Amino acid sequence: MSRIDGRRNDQLRAVEIIPGINKFAEGSCLIRCGNTHVLCCASVEEGAPRHVPEGTGWVTAEYSMLPRANRERSRRDISKLKLSPRSAEIQRLVGRSLRACVDMAKLGDRTVTIDCDVLQGDGGTRTASVTGGYVALALAVKKLLADGLLDETPLVGQVAAVSAGIVEDALLLDLCYEEDSSAQVDLNCVMTDKGELVELQGTGEGRSFTLNEQRALVDLCAGGVRELMELQKKVLEG
């Protein structure tokens, strides 16, 4: 099938990661995946939550969409101090994904919170939040090392995420909004730099899908994740 933006079926949208976008945060970046733009800021606080073993740290995330991030204005996520179910689910996903690449004992008795605020949403906001969230986290760790607050990095690897789906029976990588809204199957994939899965969310929206189709979608995502990780490395080395 011919894609809306002329991309190949296995091609990512144009991706740009701009580091240091917030001068106050310990780590920050703006990630642009096509027309999806997410601001990711990492904040470091001393002390960890009560459920965390003494002497170890914690990484968590918060996610929100601005009222005009979409085609029509939406209500702010927090109403009467209650987070929308979608945002709550996504921020748990982002937190789990980022914790997969951190040795909490080496992080020490501190908490790193990654705030992911969607400025503009055109599909793939959760996967962009994971990919940009890792860069913000890595920049925060870099600052902690430079400031002498850490003796060694607690990062044990990289994580990135991308979506794939089946639209008109064609397997497509990195769905934009129009493709996502009409997808027969939608899949979000979070992977490490070792090629291991952290999270896999696959849903038959318009039809069921086979195990072979699932494997093909994961393989499609793996190629996209490798490209995203190369970009993450370039940004962090720059």
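Located above this text is the structure these notes cover.
First, a word on scope: everything that follows refers to the structure included in this document. (Residues numbered from 1 in each chain as written. Predicted model: local features only at pLDDT ≥ 70, side-chain atom pairs only at ≥ 80, totals over all residues. Heavy atoms only, no water.)

Inspection of every chain in the model, using the stated rule, returns one cavity of 30 Å³ or more. Here the largest cavity defines a volume of roughly 70 Å³. In terms of lining, the largest cavity is formed by Leu12, Arg13, Val15, Cys33, Gly124, Thr127, Ala128, Thr131, Ala161, Val162, Asp174 and Leu228. At the level of elements, α3 (125-146) and β6 (159-167) are the ones that each hand at least two residues to the lining of the largest cavity. Broken down by element, the lining of the largest cavity gets its largest block of residues, three residues, from α3. For the lining of the largest cavity, the class distribution of residues is seven nonpolar, three polar and two charged. (1 Å grid on protein atoms, 1.4 Å probe; cavity = no way out; pocket = protein on both sides within 12 Å on 5 of 7 lines; lining within 4 Å. Points joined across faces, edges and corners; volume = space filled by probe spheres on them. Helix = DSSP H or I, 4+ residues; strand = E, 2+ residues; numbered from the N terminus. Nonpolar A, V, L, I, M, F, W, Y, C, P; charged D, E, K, R; others polar.)

In this section: α3. Taking 1.5 Å per residue as the helical rise, α3 with its 22 residues ought to reach 32 Å, and the 31 Å between its terminal C-alpha atoms agrees with that figure. Extensive coverage of α3 is indicated by the burial of 18 of its 22 residues. Immediately downstream of α3, the backbone of glycine 148 shows phi near 75°, a positive value. (Expected span 1.5 Å × (residues − 1). Buried < 20%, exposed > 50% of the residue type's maximum accessible area, 1.4 Å probe, protein only.)

Here we take up the sheet that holds β6. Ordered by their spatial adjacency, four strands build an open sheet running β7-β6-β8-β9, and the pairing between neighbours is antiparallel. Unpaired on one side and paired on the other, β7 (170-173) and β9 (197-204) mark the two borders of the sheet. On average, adjacent strands in this sheet sit at an angle of 15° to one another, irrespective of strand direction. As paired elements, β6 and β7 share four bridges and run antiparallel to each other. Counted as the bridge partner of alanine 164 is leucine 173 from β7. Its contacts with the sheet place helix α1 (residues 85-99) against β6, β8 (185-192) and β9, and it is angled at close to 150° to β9. Against the sheet, α3 engages β6, β8 and β9, with an angle of about 160° to β6. (Pairing = 2+ DSSP bridges. Axes fitted to C-alpha atoms, helices over the stretch in contact; angles between N-to-C directions. Contact = heavy atoms within 4.5 Å.)

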